[in-house]
Structures are given as structure tokens and as C-alpha cells.
Amino acid sequence: MKKLLSLTLALLLALSLSACHGSQDRTAFTVPEASSGLTGEYEITFWAKNDTNMAQTNIYKQAIADFQSLYPNITVNLRLYTDYGDIYNDVITNIATETTPNVCISYPDHIATYLTGDNVVVPLDDLLTDPDYGPGGQYVLFDAPAKEEIVPQFLEECQIGGQTYALPYMRSTEACYINRDLVEALGYEVPDVLTWDFVWEVSDAAAATLDPATGIYGVNGQEVLIPFIYKSTDNMMIQMTQQLGSGYSTAAGDIQLFNDTTSGLLLDIASHVAKGSFSTFKISSYPGNFLNAGQCIFAVDSTAGATWMGTDAPLMDIAAEEVVEFETVVRAVPQFDPDHPKMISQGPSVCVFNKEDPQEVLASWLFAQFLLTKEVQIPYSQTEGYVPVTTTAQEDPAYQDYLSRAGEDTDTHYQVKIDAAKLLLSNLENTFTTPVFNGSASLRDAAGQLIEEVTKSVRRDQPVNEETIAQLYEDTKALYHLDSVSASGSGKRELGPLPGTSVALLSLLGAAWVCILLYLGLSALRRRRRSKKG
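Residues numbered from 1 in each chain as written. Predicted model: local features only at pLDDT ≥ 70, side-chain atom pairs only at ≥ 80, totals over all residues. Heavy atoms only, no water.

Helix and strand counts for the protein come out as 20 helices and 18 strands. Counting every position in the protein, which comprises 534 residues, the buried fraction comes to 52%. Counted over contacts in the protein with a minimum sequence separation of 6, partners at least 24 positions apart contribute 75%. A total of about 24000 Å² of accessible surface is found on the protein, and carbon and sulfur atoms cover 51% of it. (Helix = DSSP H or I, 4+ residues; strand = E, 2+ residues; numbered from the N terminus. Buried < 20%, exposed > 50% of the residue type's maximum accessible area, 1.4 Å probe, protein only. Contact = heavy atoms within 4.5 Å. Areas by Shrake-Rupley, 256 points an atom, 1.4 Å probe, with all protein chains shown as cover.)

We now examine the pairing of strand β16 (residues 349–352). Two faces make up the sheet, and in a regular strand the side chains alternate between them. Burial along β16 is two-sided: S349 and C351 facing one way and V350 and V352 facing the other are all buried. Strand direction decides the pairing type here: strand β6 (residues 167–168) and β16, joined by 2 bridges, are antiparallel. Residue L167 lies in a different strand from β16, and its bridge partner there is V350. (Pairing = 2+ DSSP bridges.)

Within strand β1 (residues 42–49), 6 of the 8 residues are buried, leaving the element largely enclosed by the surrounding structure. Bridge analysis of β1 against strand β2 (residues 74–81) gives 8 bridges, and the strand direction is parallel. Along β2, the bridge assignment pairs E43 with T75. Sheet analysis places β1 next to strand β3 (residues 103–106), joined by 2 bridges and oriented parallel. In the strand pairing of β3, W47 is matched with C104.

Here we come to the pattern of salt bridges. Overall, the coordinates contain 11 salt bridges when judged by the stated rule. We note a salt bridge from R171 to E157, for which the minimum N-O separation is 2.9 Å. With a gap of 14 residues between them, R171 in strand β7 (residues 170–171) and E157 in the loop between α6 (152–156) and β4 (159–160) connect regions that are remote in the sequence. In this pair, the class of R171 matches that of E157, namely buried. Linking R405 and D401 is a salt bridge whose minimum nitrogen-to-oxygen distance equals 3.3 Å. Judged by its relative accessible area of 30%, R405 falls in the partly exposed class. The exposure class of D401 is partly exposed, given its relative accessible area of 36%. (Salt bridge = Lys/Arg side-chain N within 4 Å of Asp/Glu carboxyl O.)

Turning our attention to the sheet that holds β6. The 5 strands are arranged β2-β1-β3-β16-β6 in an open sheet whose pairing can be described as mixed. Both edges of this open sheet fall to β2 and β6, since each of them pairs with a single strand only.

When a protein is soluble and globular, its nonpolar side chains tend to lie buried together. Formed by 80 residues in total, the largest nonpolar core has its most connected members in F46, F67, I74, V121, Y169 and F367. Ranked by residue count, the leading element in this core is helix α13 (residues 358–370), at 8 residues. M237, I297, Y414 and I451 belong to the second largest nonpolar core, which has 72 residues in total. (Core = buried A, V, L, I, M, F, W, Y, C linked by side-chain atoms within 4.5 Å.)

Before going further, it helps to spend a moment on the confidence of the model for the protein. Overall, the predicted model of the protein reaches an average pLDDT of 89, with 86% of residues at or above 70. Below pLDDT 50 for its whole length, residues 1–23 participates in 22 contacts with residues either more than four positions away or in separate chains. Predicted confidence is poor over residues 487–503, with pLDDT under 50, and the contacts of this stretch with residues over four places away or in other chains come to 25 contacts. (pLDDT = per-residue confidence, 0-100.)

Mapped onto the elements of the fold, Q377 is located in helix α14 (residues 374–381). With relative accessibility at 0%, the residue Q377 sits in the buried group. In terms of polar contacts, Q377 uses its side chain to reach the backbone carbonyl oxygen of Y169, at 2.8 Å. A polar atom in the side chain of Q377 sits 2.9 Å from the backbone nitrogen of V389. Excluding residues within four positions of it along the chain, Q377 makes contact with Y169, M170, L371, L372, P388, V389, T390 and A393. (Polar contact = N/O pair within 3.5 Å; in protein donor to acceptor, adjacent residues only side chain to side chain.)

Going through the model one piece at a time under the given rule, you end up with 29 aromatic pairs. An aromatic cluster is defined as three or more aromatic residues linked by ring pairs; in this entry it consists of F46, Y60, F67, Y71, F142, Y169, F367, F370, Y380 and Y386. Taking the ring centre of W47 as reference, the NZ or CZ of R79 above it sits at 5.0 Å. The ring of F281 carries K231 above its face, with NZ or CZ at 4.9 Å from the centroid. (Phe/Tyr/Trp six-rings, centres within 6.5 Å; stacked < 30°, edge-to-face > 60°. Lys NZ or Arg CZ within 6 Å of the ring centre and 35° of its normal.)

What follows is the structure in C-alpha cells.
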């Protein structure tokens, strides 16, 4: 009988897991009405990305030490990642087990997915104006920037469904890093504003210098040349559609990417791949490596990757003997209309996760605000071509001095890095962001996948035409589940009534528990009778 009972319990566990189709509801966070400050001991976790850049790691550690000196009752545990995708995946996994971090560096697209859980991420609107814990509040023991001091465009990126769910941490855009020597060797001059036609023309001309007899490219005297390499093809496609106004998605989550203009872009890209003019990071490897080795003319990457670009780059992935001397110039990404440039605004944001104890949330919120102080913003922005997210930091004499000293050395004041930061600062009005909703991260991946698949098809001598692109659209929609993307923007999706199978399983579960209780009751009764007879 005991064996039967064990089997029954195992079955019940399996049934209960299969019958459930939602997570346990969390209570929404609200700021306590009356507070005497954070008097208890709190331990919070902070997940961040540093991309193996030790300068960034040291800034995080110093920020934590400075914060803990102000709040000795709050311990901050740092966990570092080298990829935002890994942070995203771990957060998604931990939502189900209610073991999310307290504070997390993430992208707004990812945060929109976190919001499909119930009260997982804390909305910050009330906290930003709270008289006790908001900027300037009595329990804020540092000079936290006011909401008005955060660059408006950057803060707007953190709004989902009309609410603010994050604070911007750093901002960047994409830049085209150019080997001016090779451009001029081909008889061209680098314009102030790149156009797609110019980049394709120069790239095709460079690829055409290949001598079939020797396998050497005449323009660089090497066996390897990929004239144009793009690191983030999702950004490539998104910026193309935005520049042309051809449609990507709406704020409500309606997907517009799969259209005739996109097809024309893919066919054009395929034609240049066929000439050996273009490749991607996923296919060929990091653009900066090819650029620094004299094997690439146009390398597009984030301004936050500027320290990896150029002959004197302080960070390198190739051996010193492979580096070629050349002049590096920084330009905005190619444009279809140079008189009305458009470039993406991107960069990490900081979100706060909900917890059972509201005081723990407040401790997390204080640390999130601390990351926006100029003491953190200015040194962190100097590690790459980032731009601080507050006007306080941007206008600070120390930051202005940093910008003015471009080229003084090949480390802190590396010319290419500061040129990349200035590129964004001078183009804030030309930047854009894409709508954020549940599924926007998948749509972003899909946009890049279209370019990746077309490029691979050409390299494999597979046909690329209107028919194959139409099939690619269907395959991509299925791969990223874009037919089921929520158009609600954010929040918890109503799941509707339980399916009939789940109802049956739950009914069986209840009946089985009744049987178990009856069995246990009868067993106890029998034991009592035996004890009385004894």
C-alpha cells in the first residue's frame, strides 16, 4: 500500500505541473506611506555587463564601494556578464522561480518581455517623484539627478505602455569606422555624410581589385579583403527601414517589416554579397579585426566599441604584427537621404525587480539612482564611446575637458573613441528608437536574420529572388513566433479559461487527494484499534 501511495503522489505532482499554466501572482510594489528610512540590513544583487573591459569592472566595484559607504546596511553583490543575451536568458529563467536580481542592466526590448510576468519589474514613475526616496529625497544621501536632468530622449526609451520601467544608464549609436587610406587608394574621398550608394560603390570597386591569377587584392596587397562588414545586422535593417520610412513596427506592436521595400533591400544586399563586397559579424567575425589588419574598409559597430577600432586601438583581438598602419575616420552609418540623417539610439538601461519586501525594493532603487550620478556616469562613459545620460554629467567641466583632449594618448583620450562619442552628441536630434512591446526583441532578431540568411544563401550559391525571400519571410515569422506577438505593448496577457484537459486533470487531482486523505484516515483508525487491543 505504501508503494501505491508513493506512485500516487508522484502522479499527482506530474499532474499538478502539467495542469498549471501561470505563475504565482505577485503583489504590485507601492511606496510605503510612512517610513523612517531603511533601518534593517539588506542584501541586493546587481547584474551587469562589462564585455571583458576591466576598466568597466573597476568602475562598478568602485560605485558599489562608494554606495555602501553611504549605506553600510545595504550590501550589493555584483554578477558580471559578457553578453546582454545571457542576462536576458537568465532573468527569464529566474522569473519563474522568483529569483530575479534586484537591479539589472538590460535593454528596453528585454524589459518588455520581463513584463509578461505579473508585477515582475517595478514601475518607476512614482519613485522618481517620491519626496523621501526620489531625487533630492530625505533618504537619498547623494546628489541623484532629477528627472528633468535625464536627457528626455533617453528616458522616453525606457517607457513601455505609458509607464517608466527603467532608467537609461549609457547611450550609444552605431558608427562607421573607415580606413581612409584604402578609400583614397581607390580614387575616392571620404564624405562628411556617408550614403549607401557611396559605400556600396567603393566596396564593389575594392572587391574588383582581386587578381584571379594570384589571389591577391590590388588595393591592400593581401589575400583577404571584405570591404564592408556590419556587426549588428538587426540595426542595419532597422535603420534602413527607418531612413526609407518603409515600416518596421507600430507602437501597438503591429509588425510591418515584411514588405516589398524590405524585399528590395535584401535583393540589393545580395547583389553586393555576390561581388564579394559585404559580409556580417556572424558569418565572418568581428569587423574591428579585419579593419585593423587592413582587410576591411567600412566597419560598422557601436560607438561603444570604438576602443577596438583603428591602428592604435587600446583593445585588440589580433596580434600586433597583423596590425596595419592607416588613418581611421569615424562617420555616421550610411544614409539614403544625407540631408535628413537617421541613426539608432541604443544602450543599456537599469531596471529594478519587485520583491516581497518593499524595503528591499527601496534599497535597490537607491542603488539604481546612484548609477546615474556623475561620479559613475563620467568615468564609465570614458571606457568606450558612450555618452552619459544626464545633462549634469554631459555639461560637467570634467567631461568637457575629457572631450577636448582627444588624441592626447591612445588610452583614455583615444581619438577614435572620443570622435565616436562626439558623433552621438552632435546627432541627438537625428536619433530614433523602435517601439518597445512584448515581442519587440524577437522582431529585432528577425530583422537581422533576414540579412544573415540572404548573405549565407549567396555565399552558398543558393538562389535569392522574390520567391525565396517570400519563403524566408514565412520561415522567419515561424522561427520567432511573430504571428503570436502581443500587440498590447506590455503587461500581463489574459490567458482565458483553462483548457478542458487542464480542468480534467485538476478534477482528477482533487479526487486523488480525497482518496489519499481517506486512506490516511482509515490507516490511523486501524492503528488506534490495534493499540487498544494490545
